[in-house]
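# Working through the structure, step by step
So the chains spell out like this:
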Amino acid sequence: MSFYTLLQQYPASDLKKRLYEISPEDIDRALSQQKLSVADFICLLSPKINNDQLETLAGIAHRITSQRFGRTIQLYAPLYLSNECHNGCKYCGFSADNHDLRRKTLNDDEILREGDHLHRQGFRHILLLTGEAPEAAGVDYLEHAVKLLSAKFSSLSIEVFPMSRDDYQRLEHVGIDGLALYQETYDQRLYPELHPFGPKSDFRYRLEAPERAGEAGLRRIGIGALLGLGDYLTDAFYTGLHARYLMHRFWRTQVSISFPRLRPAEGGFAPRSIVTDRQLTQLICALRLFLPDAGLILSTRESAELRDNLLPLGITQMSAGSCTAPGGYEGDEGDGEQFAISDHRSPEEIRVLLAERGYEAVWKDWDGAFLGQPE
Ligand code: SF4
């Protein structure tokens, strides 16, 4: 059964009703479980949770994270290769109808320069990003970029456009080991409104892309919803359900979840709901209890203060020193960012902060040599 079929079994209207009908006793019962059912997960996401229960939830999340992951945080950096895009996502600065944006796709020298910059800062895990414009930055281009960068990095992931299983396999063969692909919202009625044109308007093709990546053998798969686009609670629930589905089906693959929050007025797009720090904290902790082994990622989109506070509650990976414009690390392309960064600390500052809090920054946890591949 594909995740699309599973999704149909949890209509959003029923889910919203259940989330608001939860009693304090239901939440207490869910908090006492060793292994959470889907019904327990719904209880822990409920807005009916009180402050004492939230504190208990945070304590359990902290304990599980320490047991499963120790005091380590894996650091990675995004490398934007191209901002060309044929899609019309309403909330994104790279949207095809943003005619003021200077479009750019990095050439070989620029890719190497950006890669050298990140390597000098200590990164060995990087995430390669493009929009969706196959003639400018398609599978051939990505394959070539990976060949240019693979000598310097032990893990290369992509956050690009959804592909066929064969194309994921092609990239896996040249050294891509991870995929990040966010559904943005799992609300099938809202989705077409936010993605009015371009290939991304195909909800199901995007939704099933992580499955195709799993079938192609990618070792890391990251999913998430852009919180605030739709109803954040139902999107958080579906994200957890999706991650659990992928973990069961591809048990050798490490599945992780990101929590990008849409901000007011970002790119002129007004979020449907503003997710508060308290709400974000609750859903991160609820996901930790529901999926004890999932990676939980917090990017530089969030403020330094919030990232520091959420550190002990379940986060396992962080980006650092990020730039979201192609060529932005080494060139003068400061404008044309996909979204604004809130945490501007350098990778070294993040490493020092982690050390002060008793955490170890992990720059590398994988080597191609484990599979007999050259690093
Ligand atoms: S979110 Fe991605 S697909 Fe949509 S406009 Fe931005 S770059 Fe293009």
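Quick caveat, the model's predicted, so the values are computed rather than measured. (Residues numbered from 1 in each chain as written. Predicted model: local features only at pLDDT ≥ 70, side-chain atom pairs only at ≥ 80, totals over all residues. Heavy atoms only, no water.)

## Concerning the packing of aromatic side chains
What counts, and what does not: The criterion for an aromatic pair is that two Phe, Tyr or Trp rings (for Trp, the six-membered ring) have centres within 6.5 Å, with stacked assigned to planes under 30 degrees apart, edge-to-face to planes over 60 apart and tilted to the rest. The helix and strand labels rest on DSSP assignments: H or I over at least four residues marks a helix, E over at least two residues marks a strand, and numbering proceeds from the N terminus. Relative accessibility decides the category of a residue: with a 1.4 Å probe and only protein chains considered, values under 20% of the type maximum give buried, values over 50% give exposed, and everything between is partly exposed.
Tallied over the full model, the rule gives eleven aromatic pairs. With a centroid separation of 5.3 Å and 70 degrees between ring planes, the pair formed by phenylalanine 123 and tryptophan 363 is classed as edge-to-face. With phenylalanine 123 in the loop between helix 6 (108-120) and strand 2 (125-129) and tryptophan 363 in the segment after strand 9 (360-362), the pair connects residues that are 240 residues apart, well separated along the chain. Each member of the pair phenylalanine 123 and tryptophan 363 is classed as buried. Consider the rings of phenylalanine 237 and tyrosine 238, whose centres lie 5.6 Å apart with planes at 65 degrees: the pair is edge-to-face.

## Points about the site of the ligand
Formally: Nearness is judged by heavy atoms alone; a residue qualifies as near a molecule or strand once a single heavy atom is within 4 Å of it. As defined here, a cavity is a set of points on a 1 Å grid over the protein atoms alone where a 1.4 Å probe fits but cannot get out. A pocket is an open set with protein on both sides within 12 Å along at least five of seven lines, and residues line them when an atom is within 4 Å of a point. Assignment of a molecule to a cavity or pocket requires that more than half of its atoms lie within 2 Å of the corresponding grid points. In this count, Pro and Cys sit with the nonpolar residues alongside Ala, Val, Leu, Ile, Met, Phe, Trp and Tyr, while Asp, Glu, Lys and Arg are called charged and the others, Gly among them, polar.
As a structural note, the neighbourhood of the ligand is formed by Cys85, Asn87, Cys89, Cys92, Phe94, Ser95, Gly131, Lys200 and Gln338. Put simply, the ligand lies in the largest cavity. Looking at side-chain class alone, the shell around the ligand contains four nonpolar, four polar and one charged residues.

## Quick word on the pairing of strand 1 (residues 72-80)
A regular strand carries its side chains on alternate faces of the sheet. Cut-off, in case you're wondering: Any two strands are treated as partners once DSSP identifies two or more bridges connecting them.
Summarising burial for strand 1: eight of the nine residues are buried, a large majority. For strand 1 and strand 9, the ladder comprises three bridges, and the chain directions are parallel. Across the sheet, residue threonine 72 finds its bridge partner in strand 9, namely glutamate 360. Both strand 1 and strand 8 (residues 317-319) contribute to a ladder of three bridges, which runs parallel. Across the sheet, residue glutamine 74 finds its bridge partner in strand 8, namely glutamine 317. Sheet topology places strand 1 next to strand 2; four bridges connect them, and they run parallel.

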